[in-house]
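# Architecture at a glance
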Amino acid sequence: SQTIHQWPATLVQPVGSPLSLECTVEGTSNPNLYWYRQAAGRGLQLLFYSVGIGQISSEVPQNLSASRPQDRQFILSSKKLLLSDSGFYLCAWSVTGGAKTQYFGPGTRLLVL
Amino acid sequence: AQSVTQPDIHITVSEGASLELRCNYSYGATPYLFWYVQSPGQGLQLLLKYFSGDTLVQGIKGFEAEFKRSQSSFNLRKPSVHWSDAAEYFCAVAPNAGKSTFGDGTTLTVKP
């Protein structure tokens, strides 16, 4: 069966520090991968979308970047965190092609102070 | 581009009462429709989905949803709510080939 992992689960970082959040998927090949941010009391905002290694689509301009160095690994990064980067970050995957169900990881709670 | 509206930000129901969460979408053709549930501090879990066929779809945990093309709606229902159903619920819509768009969510509180 397929599983999706995210780490760390919780992170507290000072403003201006770098960020690296990791997401890995097991049990499937060539998945579509997604990064979402969920601010307190708000819905899901799609940040990045990837259909393959090295292929990243950015949905909104921001202080963050994403990379996909391996088929089942998706990394969210920042060189310098802002207060507004605080939130709950969710990684998800779906099978390739067409509109398919997304399967979400457990999320990472990021607090920037 | 498609869009999703969940008109109710917060709903409170008594345990054992029936539940209906509303979802309206905007899309030029018949979309793929989903309901997800999120417990506090956790990721989202799929409750049910509609791709085609029978417009009344059954999901996990006793939930069902009905696709009404004429009303552009995909409302989620449960006949008898349990305290463990307290969570946030998200409706999502996707075109035939593309990314899903999520609504802003409805928070469900269950009174004992």
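You'll find the structure just up there.
Calculation criteria
- Residues numbered from 1 in each chain as written.
- Chains lettered and ligands numbered in written order.
- Predicted model: local features only at pLDDT ≥ 70, side-chain atom pairs only at ≥ 80, totals over all residues.
- Heavy atoms only, no water.
- Helix = DSSP H or I, 4+ residues; strand = E, 2+ residues; numbered from the N terminus.
- Rg over C-alpha atoms; globule rule 2.2 N^0.38 Å.
- Buried < 20%, exposed > 50% of the residue type's maximum accessible area, 1.4 Å probe, protein only.
- Contact = heavy atoms within 4.5 Å.
- Areas by Shrake-Rupley, 256 points an atom, 1.4 Å probe, with all protein chains shown as cover.
- Disulfide = S-S within 2.5 Å.
- Pairing = 2+ DSSP bridges.
- Axes fitted to C-alpha atoms, helices over the stretch in contact; angles between N-to-C directions.

### So, the overall build of chain A
- A tally of regular secondary structure across chain A gives zero helices and eleven strands.
- When the elements of chain A are put in sequence order from the N terminus, they spell out β-β-β-β-β-β-β-β-β-β-β.
- Relative to the compact-globule value of 13 Å for 113 residues, chain A shows a C-alpha radius of gyration of 13 Å, a close match.
- C-alpha extents for chain A along the principal axes are approximately 40 × 25 × 20 Å.
- Buried positions account for 48% of the 113 residues belonging to chain A.
- Excluding contacts between residues fewer than 6 apart, the proportion of contacts in chain A whose partners are at least 24 apart in sequence is 55%.
- Looking at chain A as shown, the accessible area adds up to about 5200 Å², and 54% of this sits on carbon and sulfur atoms.

### As for the state of the cysteines
- Summed over the entire model, instances satisfying the criterion amount to two disulfides over all chains.
- Across a sulfur-sulfur distance of 2.0 Å, A:Cys23 and A:Cys91 are joined as a disulfide pair. For the disulfide bridge between A:Cys23 and A:Cys91, the dihedral angle about the S-S bond is near -75°, and by the sign convention the bridge is left-handed. With A:Cys23 in strand S3 (residues 19-26) and A:Cys91 in strand S9 (residues 87-94), this pair connects stretches of sequence that are 68 residues apart. For the residue pair A:Cys23 and A:Cys91, the accessibility class agrees, reading buried in each case.
- Here B:Cys23 pairs with B:Cys91 through a disulfide, and the sulfurs are 1.9 Å apart. Torsion about the S-S bond of the B:Cys23 and B:Cys91 cystine: about -65°, corresponding to left-handed handedness. Of this pair, B:Cys23 sits in the loop between strand S3 (19-21) and strand S4 (24-26) while B:Cys91 sits in strand S10 (residues 87-94), placing them 68 residues apart in sequence. Like B:Cys91, B:Cys23 is buried.

### Examining the pairing of strand S6 (residues 55-58) of chain A
Residues and elements named next belong to chain A.
- Bridge count between strand S5 (residues 44-52) and S6: three bridges; the pairing is antiparallel. In the sheet register, Tyr49 faces S6, and the bridge partner there is Ser57.
- Counted between consecutive antiparallel strands, the loop separating S5 from S6 contains two residues, among which Gly54 sits at a positive phi close to 75°.

### Side note on the sheet that holds strand S1 (residues 3-7) of chain A
Residue and element names in this part refer to chain A.
- In spatial order, the strands read S1-S3-S8-S7; together these four strands make up an open sheet with antiparallel pairing. Edge positions in the open sheet fall to S1 and strand S7 (65-70), since each of these has one partner strand only. Neighbour-to-neighbour, the strand axes of the sheet open up by a mean angle of 20°, direction not taken into account.
- Here six bridges tie S3 to strand S8 (residues 73-78), and the two strands are oriented antiparallel to one another. Across the sheet, Thr24 pairs through a bridge with Gln73, a residue of S8.

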